[in-house]
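Letter by letter, the chains look like this.
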Amino acid sequence: MERKSFQLGDIVQMKKNHPCGSNEMEIIRMGMDIRIKCVGCKHSVLIPRAKFEKNMKKVLRSAATDLENDKPNAE
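A. Structural view of the side chain of Asp10. You can see Asp10 is positioned in the segment before β1 (11-14). Arg61 provides the closest opposite charge to the buried, salt-bridge-free Asp10, at an N-O distance of 9.3 Å. Polar side-chain contacts of Asp10 include one of 2.9 Å to the backbone nitrogen of Gln7. Not counting chain neighbours up to four residues away, the residues in contact with Asp10 comprise Met25, Glu26, Ile27, Val59, Arg61, Ser62 and Ala63.

Quick look at the structure:
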């Protein structure tokens, strides 16, 4: 099975909604455990990496593409 790719600062969609109703989370810390912050109510949760990878559906907005879009053109 292919590992899901994600990085710090990504906005991801989870399988289950947060109690506030949002299912979008921002990755704010990575390691053996991953801290995610709800985009809706700003509540943060620390969960094991294996559980996070199992419950993550997809990456909605990647931090890497946001940085590339913010760079000014060198002319």
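Past the structure itself, the notes keep going.
B. Geometry of the pattern of salt bridges. Counted by the stated rule, this structure contains three salt bridges. Among the ionic pairs, Arg61 bridges to Glu24, the shortest N-O distance being 3.9 Å. With a gap of 37 residues between them, Arg61 in strand β5 (residues 56-61) and Glu24 in strand β2 (residues 24-29) connect regions that are remote in the sequence. Overall, the relative accessible area of 25% leaves Glu24 in the partly exposed class. Between Glu26 and Lys37 there is a salt bridge, with the nearest N and O atoms lying 4.0 Å from each other. Of this pair, Glu26 sits in strand β2 while Lys37 sits in strand β3 (residues 33-38); the two residues are 11 residues apart in sequence, bridging distant segments of the chain. Note on Lys37: relative accessible area 25%, which makes it partly exposed.

What counts, and where the lines are drawn
Residue positions are counted from 1 within each chain, in the order its sequence is given. Reporting of local features is limited, given that this is a predicted model, to residues whose pLDDT is at least 70; pairs of side-chain atoms are given and counted only at 80 or more, and all residues count toward the totals for whole chains, interfaces and linings. The side-chain figures draw on all heavy atoms in the structure; neither hydrogens nor water molecules are used. For the purposes of this entry, the term helix denotes a DSSP run of H or I that reaches at least four residues, the term strand denotes a run of E that reaches at least two, and both are numbered from the N terminus. Per-residue accessibility, obtained with a 1.4 Å probe over protein chains only, is compared with the maximum for each type, and a residue is labelled buried under 20%, exposed over 50%, and partly exposed between these values. Here the positive residues are Lys and Arg and the negative ones are Asp and Glu; neither His nor the chain ends is included. Put simply, a salt bridge is a Lys or Arg side-chain nitrogen that is within 4 Å of an Asp or Glu carboxyl oxygen. Each polar contact in these results corresponds to two N or O atoms within 3.5 Å; when the atoms are within protein, one needs to be able to donate a hydrogen and the other to accept it, and residues that are neighboring in sequence are counted only if both atoms are side-chain atoms. A contact between two residues is defined here by any heavy atoms of the two lying within 4.5 Å.

These figures come from the coordinates and say nothing about function on their own.
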